[in-house]
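Structural overview for review
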Amino acid sequence: IQSLLRGFLVKGRYSALCTGLVLIQSQVRGIQSRISFHNSITSIVKVQCFVRARLQRRRYANTRYGIIIIQARVRGAHERSVMRRMNDAIFLIQSRARGVQCRDRRRQLVSRVSLLQAWARGMMVRTCRRNMHYVAVKIQSLLRGFLVKGRYSALCTGLVLIQSQVRGIQSRISFHNSITSIVKVQCFVRARLQRRRYANTRYGIIIIQARVRGAHERSVMRRMNDAIFLIQSRARGVQCRDRRRQLVSRVSLLQAWARGMMVRTCRRNMHYVAVKIQSLLRG
């Protein structure tokens, strides 16, 4: 009867304890999930390092937990066998003591049996709590690993999208800056080439004009001198001595008219050449 009563009481307490632990685990999981979600929003940069360290620790924890589970099972089996033996020994001692001892030692036997029962119940409760603690730790580690995996995958996807957007913006900005700088350099180089060409062309035209003017002036002066000498020689040979003064005056007049004609013709030709060169440059 005592064994059945103890088993019924232990089963009731175990079921109530399991229900309470399940409620506590659900509350703790809810609180932990909310806290972890809030922390993950403020610590996105540290997630990768934390996940790597967490994976290493989880591997170590899984190995350690497997060893602990094996040890716990071995210890549980040993404790259960010890408890069975102890219960069998207690029941045997009680039955034999009740048959052997007298009525006057009943109180002592009852007190000793109570002590043994309390010790056995304490051992069972401690063993049950230890097993439940290991189970709760295992469930919490699995749940945390699942949550961390989901957050890590979402975080990786978001980071990849952000990196692609930032790289696209940077490439477009760099391309626009490079195009702008290339256009500026091209404009500068073209302007410098045009100025250099204009300066070279203008210098060449000035040199050509100076040479043409000098050659034309020299040829005109040479022709004028030849004509003057020819006129003077013919006038001196033909005219008489008595008309020398008239001839000299006429020769002077002719020389002045010829010089004026030559100068006007030279100016007209030089003006035409300058206008022609300017039209060519403008074209």
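Computed from a predicted model, the values in this text were never measured in an experiment.

**Description of the overall build of the chain**
- Helix and strand counts for the chain come out as 4 helices and 0 strands.
- Each helix (α) and strand (β) of the chain, taken in turn from the N terminus, gives the series α-α-α-α.
- Over its C-alpha trace the chain gives a radius of gyration of 62 Å, far above what one expects of a compact globule, namely 19 Å for 283 residues.
- Along the first, second and third principal axes, the C-alpha atoms of the chain reach 205 × 30 × 20 Å.
- Sorting the 283 residues of the chain into buried and exposed places 17% on the buried side.
- Sequence separation of 24 or more characterises 83% of the internal contacts of the chain that already satisfy a separation of 6 or more.
- Total accessible area computed for the chain in this model is approximately 23,500 Å², and 62% of it derives from carbon and sulfur atoms.
- Distance from the positive charge centre (59 side chains) to the negative charge centre (6 side chains) of the chain: 8 Å.

**Concerning the confidence of the model for the chain**
- Averaged over all residues, the pLDDT of the chain is 79; the fraction at 70 or higher stands at 96%.
- Mean pLDDT per element in the chain: helix α1 (residues 2-42) is the minimum at 75, and helix α3 (residues 106-238) is the maximum at 81.

**Examining the environment of Cys128**
- Inspection of the secondary structure assignment puts Cys128 in helix α3.
- Sequence-wise, Cys128 and Ile44 are 84 residues apart; in three dimensions their C-alpha atoms are separated by 40 Å.
- Beyond its immediate chain neighbours, meaning those up to four positions away, Cys128 contacts Tyr14 and Leu17.

**Concerning empty space enclosed by the protein**
- Evaluation of the coordinates by the stated rule reveals 1 cavity of 30 Å³ or more.
- Every residue along the wall of the largest cavity is listed here: Gln209, Val212, Arg213, Asn269, Met270, Val273 and Ala274.
- Counting residues per element, the ones that place at least two in the lining of the largest cavity are α3 and α4 (244-282).
- The biggest single contributor to the lining of the largest cavity is α4, with 4 residues.
- Broken down by class, the residue content of the lining of the largest cavity amounts to 4 nonpolar, 2 polar and 1 charged.

**What to know about the layout of surface pockets**
- If you add up the space inside the largest pocket, you get close to 870 Å³.
- Residue lining of the largest pocket: 32 residues in total, with Val10, Tyr14, Met124, Val125 and Cys128 positioned closest to the centre.
- If you list the elements that add at least two residues to the lining of the largest pocket, you get α1, α2 (47-100) and α3.
- Ranked by residue count, the leading element in the lining of the largest pocket is α3, at 13 residues.
- Here the lining of the largest pocket is built from residues that sort into 18 nonpolar, 8 polar and 6 charged.

**Examining α4**
- With 39 residues, α4 should cover 57 Å at 1.5 Å per step; its first-to-last C-alpha distance of 56 Å lies within 8% of that length.
- Among all positions of α4, only Leu247, Val251, Gln255, Gly260, Cys266, Ala274 and Ile277 are buried.

**Side note on the side chain of Gln209**
- Examined against the element boundaries, Gln209 turns out to sit in helix α3.
- Not counting residues up to four positions away in its chain, the partners in contact with Gln209 are Ala274 and Ile277.

Scoring rules and cut-offs
As a convention, each chain's residues are numbered from 1 in the sequence order in which they are written. Owing to the predicted nature of the model, reporting of local features is limited to residues with pLDDT of at least 70; listing and counting of side-chain atom pairs is limited to 80 or more, with chain, interface and lining totals taken over all residues. Note that water and hydrogens are dropped before the side-chain values are worked out from all heavy atoms of the structure. Secondary structure elements are defined from DSSP: runs of H or I of at least 4 residues count as helices, runs of E of at least 2 residues count as strands, and each element is numbered from the N terminus. Here the globule rule is a power law, 2.2 Å times the number of residues to the power 0.38, and the radius of gyration is based on C-alpha atoms. Relative accessibility decides the category of a residue: with a 1.4 Å probe and only protein chains considered, values under 20% of the type maximum give buried, values over 50% give exposed, and everything between is partly exposed. Two residues qualify as a contact provided that any one of their heavy atoms is within 4.5 Å of a heavy atom in the partner residue. Here the open area of atoms and residues is found with the Shrake-Rupley method and a 1.4 Å probe, where only the protein chains shown may cover a residue. Note that His is not counted, nor are the chain ends; the positive residues are Lys and Arg, and the negative ones are Asp and Glu. In this description, the location of a charge corresponds to atom NZ of lysine, CZ of arginine, CG of aspartate or CD of glutamate. Per-residue confidence from the predictor is reported as pLDDT, a score between 0 and 100. Cavity and pocket criteria rest on a 1 Å grid covering protein atoms alone: a 1.4 Å probe that fits but cannot get out defines a cavity, protein on both sides within 12 Å along at least 5 of 7 lines defines an open pocket, and an atom within 4 Å of a point defines a lining residue. Grid points are joined across faces, edges and corners, and a volume is the space filled by probe spheres set on the points. Under the scheme applied, nonpolar residues are Ala, Val, Leu, Ile, Met, Phe, Trp, Tyr, Cys and Pro; charged residues are Asp, Glu, Lys and Arg; polar residues are all the others, including Gly. A helix is expected to reach a length of 1.5 Å times the quantity of its residues less one.

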